[in-house]
Amino acid sequence: MPGLALLNAPSILLAAEDGGGGGMHFPPIDHIVKWPAWFGEGTFYEFNKITFISFIAMLVPVILFLIAGRKSKLVPSGLQNVMEVSIDFVEKQVVLPAIGPEGMRYLPMLISMFFFIWIGNIFEVIPSAHMPANARMANPLVLALVAWAMFIGVGVKHNGLGYFKSALFPPGVPKALYILVTPIELLSTFIIRPFSLAVRLFANMLAGHILLVTFAVLCITLWSASVLAGVLVLSFPMLVAFTGFEFMVAFLQAFIFSLLTAVYIGGALHPAH
Amino acid sequence: MLAQVSVLAAEAAESAEKINPVVPDVVGEIFWGAVFFFLLWILMRYVCLPPLLRVRAQRDAQVQADLEAAEAASTQAEQVRRDYDATLAEARGEASRVLEEARAAAEATRGQKVAGVETEIAAERQAAMAELDAERAAALGQLSGDVADLAVAAASKVVQAPLDAASHRSTVDDYVNRSGGPR
């Protein structure tokens, strides 16, 4: 099994160095985002490093919440406290502002979304992993489709087919303008929304990943090139700083994705607003 | 250095042409991503979250009950404080009234005693004055008798003839009275 560790990263860099005749060579992008199959190559159940990170992103919150809830006490302490704070965070920062009290029924989905994205992202800065699951389009696409299906389903459930009418033909707009407004609303609400959700998450994580790889390659190359080793004084602190920055981005992107999903659901619940 | 960085950027751009990262090219990642997310959602919904949400709801109820109890206790304490204040004010009023009554009684007693003493003093003074007047009158009577006798004796010495004291006493008394009368 190739393992979670980025054991092939040095070989990528070495290969890059070999191919370039001793200069600094950036590994091809498919080398830093595509991972070999562990099993089922070419099938729909192909399993690789990304799917393993997704598995961890599912497993970790489940284990944490199970341990926290196993002996939950009226006065919380330790892990129970931490997990309750995370519930409160999603409830008070995502659900209530975006949907309102009636959005509490979507709390499990939004907490799942938040943790799945966050833990998937955090692998960007975990030593020996260094790959965010969401720097591949698969997970963002799945989550965006879930959000898309969810807000349309909620809209239809609460407003019937009138949801489409109020979404495509916003009240208060002069009828003549519907020629312009309706196609724009159709595109923005039902087509671009899931796409933008997925691409925002994916592109942010991919950009961060490329940034860290770039500075890592720079540091490794400068380490071996004695004349340029002085530049390490700049490049290595930048690598450390960007690692901290990506730690924040991992959380921020999870929060933004969950919040936007909640906003879309809230908008579908009350389309007139 | 700059040349190397530009080589790096050019290679990155070149490698980007090989794949389109926006298009998911491994179906397994979508499949497993969907499986793991829906599994997480289901487990969160039915297994992981309910115990914590339940205990949180219990805590909220407990906090609410405690708040209501605290509110009731506060109201009760306020009532007790008001009762205490009322009792205190009543006691103060009672004390003030008792003090006033005592003061009035003491004043009355003092007045009575002063009046009694003054009456007594006045009576004693009057008695003393009467006694004094009597003593004075007696002294004056005796003095006038003695003066008359002395004057008659002196006059008899001057005239060298015995004078009748009884017949001249009224003259002497009259003189004494005129010269030693009220001043």
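These numbers come from a predicted model, not from an experiment. (Residues numbered from 1 in each chain as written. Chains lettered and ligands numbered in written order. Predicted model: local features only at pLDDT ≥ 70, side-chain atom pairs only at ≥ 80, totals over all residues. Heavy atoms only, no water.)

A. Examining the nonpolar core more closely. Counting 92 residues, the largest nonpolar core has F65, L110, I111 and M113 of chain A as its most contacted members. If we skip the residues at most four places from it in the chain, L110 of chain A touches V90, V94, V95, I99, S258, T261 and A262 of chain A. (Core = buried A, V, L, I, M, F, W, Y, C linked by side-chain atoms within 4.5 Å. Buried < 20%, exposed > 50% of the residue type's maximum accessible area, 1.4 Å probe, protein only. Contact = heavy atoms within 4.5 Å.)

B. Region of the structure containing helix α6 (residues 138–159) of chain A. Compared with an ideal rise of 1.5 Å per residue, which puts 22 residues at 32 Å, α6 of chain A spans 31 Å between its outermost C-alpha atoms and is within 8% of the ideal. One or two positions beyond α6 of chain A, positive phi appears at G160 of chain A, with a value near 65°. (Helix = DSSP H or I, 4+ residues; strand = E, 2+ residues; numbered from the N terminus. Expected span 1.5 Å × (residues − 1).)

C. Representation of the packing of aromatic side chains. Residue and element names in this part refer to chain A. For the structure on display, the rule yields 29 aromatic pairs over all chains. Ring plane angle 5° and centroid distance 5.2 Å describe the contact between F39 and F47, whose orientation is recorded as stacked. Overall, F47 belongs to the buried group, its relative accessible area being 9%. Residues F151 and Y264 carry aromatic rings whose centres are separated by 5.6 Å and whose planes lie at 55° to one another, so their mutual orientation is tilted. Of the two residues, F151 is situated in helix α6 and Y264 in helix α9 (residues 232–269); the sequence distance between them amounts to 113 residues. The residues F151 and Y264 share a single accessibility class, namely buried. (Phe/Tyr/Trp six-rings, centres within 6.5 Å; stacked < 30°, edge-to-face > 60°.)

D. Geometry of the interface of chain B and chain A. Listed per partner, the contact involves 44 residues of chain B and 60 residues of chain A. For the pair chain B and chain A, the number of links is four salt bridges. A salt bridge links R59 of chain B to E84 of chain A; the shortest N-O distance between them is 2.7 Å. If you look at where chain B meets chain A, you find eight residue pairs in polar contact (both at pLDDT 80 or more). Broken down by secondary-structure element, the contributors of at least two residues to the side of chain B that touches chain A are α1 (2–16) and α2 (27–159) of chain B. When residues in the side of chain B that touches chain A are grouped by element, the largest group, 28 residues, is from α2 of chain B. The class makeup of the residues in the side of chain B that touches chain A is 31 nonpolar, six polar and seven charged. (Salt bridge = Lys/Arg side-chain N within 4 Å of Asp/Glu carboxyl O. Polar contact = N/O pair within 3.5 Å; in protein donor to acceptor, adjacent residues only side chain to side chain. Nonpolar A, V, L, I, M, F, W, Y, C, P; charged D, E, K, R; others polar.)

E. Structural context of unusual backbone geometry. All names here are of chain A. The backbone of S128 shows a phi angle near 80°, a positive value even though the residue is not glycine. The residue S128 is located in the loop between α5 (107–122) and α6 in this model. On the basis of relative accessibility, which here comes to 41%, the residue S128 falls in the partly exposed class. Positive phi, close to 50°, is recorded for H130, a residue that is not glycine. Along the chain, the position of H130 falls in the loop between α5 and α6. Using a relative accessible area of 33% as the deciding quantity, one classes H130 as partly exposed.

All quantities given are derived from atomic positions and should not be read as evidence of function.
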